[in-house]
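# Working through the structure, step by step
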Amino acid sequence: MTTIELTTTRQLAVGDTLVNAAGAEYEVTRLARLGRGIRVHYLTGDGRPGRFTSAPDAIVRRRVAERAERAS
């Protein structure tokens, strides 16, 4: 079972998987502070790179790994 949690951008870490409303997944490859925002670099499911800039308090959807689910 896949669990999606809502979290703020500042809580993201490299290796996290973001999920959009349509269910597509994006792996976070790099995070960088950019002024007051956070630049998130990612790879799409087919390996294409991308990035977006977000406010630190913005809400994002993050897939929770199965082993993390078992630990909690």
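Remember, it's a predicted structure, so these values are computed and weren't measured experimentally.

In terms of nonpolar packing, the biggest core is built from six residues, these being Leu12, Leu18, Val28, Ile38, Val40 and Val60. Leave out the neighbours within four places in its chain, and leucine 12 touches Thr7, Leu18, Leu31, Val40, Val60 and Arg62.

Okay, the packing of aromatic side chains next. Inspection of every chain in the model, using the stated rule, returns two aromatic pairs. Ring plane angle 75° and centroid distance 5.2 Å describe the contact between tyrosine 26 and tyrosine 42, whose orientation is recorded as edge-to-face. Taken together, the residues span a long stretch of sequence, with tyrosine 26 in strand β3 (residues 25-34) and tyrosine 42 in strand β4 (residues 37-44) at a distance of 16 residues. Of the residues examined, tyrosine 42 reaches a relative accessible area of 19% and is grouped as buried. With centroids separated by 6.2 Å and ring planes inclined at 45°, the aromatic side chains of tyrosine 42 and phenylalanine 52 adopt a geometry described as tilted. Linking tyrosine 42 in strand β4 with phenylalanine 52 in strand β5 (residues 49-54), this pair joins segments that are 10 residues apart in sequence. Accessibility expressed as a relative area gives 29% for phenylalanine 52, which makes it partly exposed. An aromatic cluster of at least three residues, connected via ring pairs, comprises Tyr26, Tyr42 and Phe52.

Reading guide: rules and limits
Residues numbered from 1 in each chain as written. Predicted model: local features only at pLDDT ≥ 70, side-chain atom pairs only at ≥ 80, totals over all residues. Heavy atoms only, no water. Core = buried A, V, L, I, M, F, W, Y, C linked by side-chain atoms within 4.5 Å. Buried < 20%, exposed > 50% of the residue type's maximum accessible area, 1.4 Å probe, protein only. Contact = heavy atoms within 4.5 Å. Phe/Tyr/Trp six-rings, centres within 6.5 Å; stacked < 30°, edge-to-face > 60°. Helix = DSSP H or I, 4+ residues; strand = E, 2+ residues; numbered from the N terminus.

Keep in mind these values describe shape, not function.
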